[in-house]
Protein chains: 2
Amino acid sequence: MMQSNRLLSALSRKDHRHLVAACDEVDLGVGDSLWEPNERIRHVYFPLDCTISQLLPVDSHRILEMALIGNEGMLGVPLLLGVNTSMLQALIQQSGTALRMKTTSFRRELEHLPALRQLLHQYAHVLQEQLAQSMACISRHTLDLRLARLLLMTHDRVAGLGSFHVTHEALAQTLCVRRVGVTIAAGLLQKRKLLSYSRGDITILNRAGLEKASCRCYQASNDIYERVLA
Amino acid sequence: MMQSNRLLSALSRKDHRHLVAACDEVDLGVGDSLWEPNERIRHVYFPLDCTISQLLPVDSHRILEMALIGNEGMLGVPLLLGVNTSMLQALIQQSGTALRMKTTSFRRELEHLPALRQLLHQYAHVLQEQLAQSMACISRHTLDLRLARLLLMTHDRVAGLGSFHVTHEALAQTLCVRRVGVTIAAGLLQKRKLLSYSRGDITILNRAGLEKASCRCYQASNDIYERVLA
DNA sequence: ATCAGTCTGTGCAGCAACGAACATATCGCC
DNA sequence: GGCGATATGTTCGTTGCTGCACAGACTGAT
């Protein structure tokens, strides 16, 4: 398991220790709902080795993934901005552990730690630009490119050895397309020996190849993060 | 012309006067570039009766509009978050006037006016949620719905009497579709007597009808603003 | 060993938007 | 009144995804 959260690790050792002490470490399973839309936010989360999907309903039956948060980020930007609800739902996409802090504690820490404020402000900016990048991607890029990108992003955010669990159906939901579309796109990626899967167990075989098979948005999104936070 | 900027008007009269005094009032023409991607941000803008488009290149030839800022908003969130560049380009979409403040002044005001900080933080949150809403819209809604929405948004943000100037070509660029697509969609709206246009002069004839012809995203986007800032 | 549940694969008609090319219409200007 | 520039309208074949329906494959529980 990851030692800590990458965002928090950017703080001084002292601040970092202090914050981790103010958190609980919690186990989270696939499908757990951390935030319900427009309900009061009770906790912020710093993922260790889980991934969190932020989702918005598109119509009565469909949802679309707006952001995928893992070890590199935090679920909690609205609180940072002085708003205590979010229209986005937050669901666990890959099970694992996260550091969790109560809203009240988070507010207190923000007041006392200017470095934390600055860091999270920058992170909020990164999220906004990544959202813009995803918007462009969704608007113009075909399903195979977007699927490759999603798999790469998941792979980055999951601790370990290049394999994780997610079904075509789940991928289709987060991409907001038919399951059949994912099956076909994934079939092509598998034919090109970039990955292998069976019944939801996906293994990345050729990361470099998969990056070539995805759109520039993957790299662009990483660049946004590095430019501001590294 | 609009008296002032709606966002600034939410401040106390004293703060409001103080801020307006720290701004220049500038005339802006269609196509003027206020921010170039990844260049140092020199000014923030509070539109009076112009509209500002925030754009991201999708590929070498195309751009996509991420946000449309008018009297209700501000161009300058990255500075608020402590980042002095933005990957998004900012172009004037509808000519008019805006209040302009230098980066250094803006930073100073932010430090001295907690109410301004809080207000703009909330605005940053609104922008983020509106971006998410637009993402859903772009992902699943057809061109006619999106066009109606764009026209409504422009109409809201432009001072005056229900008519403004924008060609099919310009609309196509901000929606990131073919001009022909806009021509067809706009033709349908005109046939339904919701609007009329000739050579770029668009007049909204039936606002209620146009709202029905657009997707829920229009109302949702307004609701986000009202919920947080009103 | 069987069966119910889950996951993946295939086929088909339909539709929105695409790229490219071309046709008309309207404006300002000399 | 004629001309170039700008704006809108039409057509045609193609593509990427849709909704629907169904078939096959694998897994775990009894």
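Counting of residues starts from 1 at the beginning of each chain's written sequence and follows it residue by residue. Written order decides the labels, with chains lettered from A and ligands numbered from 1. Given that the model is predicted, a residue must reach a pLDDT of at least 70 before its local features are reported, and side-chain atom pairs must reach 80 or more before they are shown or counted; all residues, however, enter totals for whole chains, interfaces and linings. With hydrogens and water excluded, all non-hydrogen atoms of the structure serve as input to the side-chain values.

## Quick word on a nonpolar patch on the surface
Here comes step 1: Like charges are joined within 9 Å and nonpolar side chains (Val, Leu, Ile, Met, Phe, Trp, Tyr) within 5 Å, but only among residues with over 30% relative accessible area and no salt bridge; these make up the patches. Each accessible area is a Shrake-Rupley result for a 1.4 Å probe, and residues are judged covered by the shown protein chains and nothing else. By definition here, a salt bridge exists when the distance from a side-chain nitrogen of Lys or Arg to a carboxyl oxygen of Asp or Glu is within 4 Å. Together, A:V180, A:I184 and A:L188 make up a nonpolar patch on the protein surface, roughly 250 Å² of accessible area in all.
Here comes step 2: Strands are runs of DSSP state E lasting at least 2 residues, helices are runs of H or I lasting at least 4, and numbering of each runs from the N terminus. One can find A:V180 in helix α8 (residues 179-191).

## Focus: the protein's contact with DNA strand D
Here comes step 1: Around DNA strand D, the structure places 16 residues, and the nearest of them are A:L143, A:R178, B:R179, B:R199 and B:G200.
Here comes step 2: When atoms of DNA strand D within 4 Å of the protein are split into backbone and base, the sugar-phosphate part holds 52%.
Here comes step 3: Whenever two N or O atoms come within 3.5 Å, that pair is a polar contact, provided that in protein one can donate a hydrogen and the other can accept it, and provided that, for residues adjacent in sequence, both atoms are side-chain atoms. Here a base nitrogen of DNA strand D sits 2.7 Å away from a polar atom, N or O, in the side chain of A:R178.
Here comes step 4: The contact in question runs from a phosphate oxygen of DNA strand D to an N or O atom on the backbone of B:G200, over 2.9 Å. For this description, a residue counts as near a given molecule or strand if any of its non-hydrogen atoms is within 4 Å of it.

## Things to note about unusual backbone geometry
All names here are of chain B.
Here comes step 1: Positive phi, close to 60°, is recorded for C176, a residue that is not glycine.
Here comes step 2: Here C176 shows up in the loop between α7 (168-175) and α8 (179-191).
Here comes step 3: At R199, a residue that is not glycine, the phi angle is positive and equals roughly 45°.
Here comes step 4: Mapped onto the elements of the fold, R199 is located in the loop between β9 (195-198) and β10 (201-204).

## Considerations on the packing of helix α6 (residues 143-157) of chain A against α8(A)
Residues and elements named next belong to chain A.
Here comes step 1: With their axes 9 Å apart at the nearest point, α6 and α8 run at an angle of 75° to one another. With respect to each other, α6 and α8 are oriented roughly perpendicular. Contacts from L143, D144, L147, A148 and L151 of α6 reach α8 at G181, V182, A185, A186 and L189.
Here comes step 2: Each residue gets one of three labels, nonpolar for Ala, Val, Leu, Ile, Met, Phe, Trp, Tyr, Cys and Pro, charged for Asp, Glu, Lys and Arg, and polar for the others, Gly among them. Grouping the constituent residues of the contact of α6 with α8 by class yields eight nonpolar, one polar and one charged. Angles here are taken between N-to-C directions and fall from 0 to 180 degrees, while the axes themselves are lines fitted to C-alpha atoms, restricted in helices to the stretch in contact. For this classification, under 35 degrees means roughly parallel, over 145 means roughly antiparallel, 65 to 115 means roughly perpendicular, and everything else is oblique. Contacts were defined at the residue level, with two residues in contact if any of their heavy atoms lie within 4.5 Å.

## A word on the sheet that holds strand β5 (residues 63-69) of chain B
Here comes step 1: At least two DSSP bridges between two strands are needed for those strands to be called paired. Overall, antiparallel pairing links the four strands, which are arranged β2-β6-β4-β5 (chain B) in an open sheet. Strands at the two margins of the open sheet, each flanked by one partner only, are β2 (33-35) and β5 of chain B. Strand-to-strand, the axes of this sheet are offset by a mean angle of 35°, without reference to chain direction.
Here comes step 2: Here strand β4 (residues 51-57) of chain B pairs with strand β6 (residues 89-94) of chain B via five bridges, running antiparallel. Residue pairing in the sheet places B:Q54 in a bridge with B:A90 of β6(B).
Here comes step 3: On the sheet, helix α5 (residues 114-140) of chain A packs against β4 and β5 of chain B and is oriented at approximately 130° with respect to β5(B).
Here comes step 4: Across the face of the sheet, helix α6 (residues 143-157) of chain B comes into contact with β4, β5 and β6 of chain B while running at roughly 40° to β5(B).

## Quick notes on the state of the cysteines
Residue and element names in this part refer to chain B.
Here comes step 1: Put simply, a disulfide is two cysteine sulfurs that come within 2.5 Å. Summed over the entire model, instances satisfying the criterion amount to zero disulfides over all chains.
Here comes step 2: No disulfide involves C23; its sulfur sits 13 Å from that of C50, the nearest cysteine.
Here comes step 3: For C23, a relative accessible area of 11% gives the class buried. Per-residue accessibility, obtained with a 1.4 Å probe over protein chains only, is compared with the maximum for each type, and a residue is labelled buried under 20%, exposed over 50%, and partly exposed between these values.

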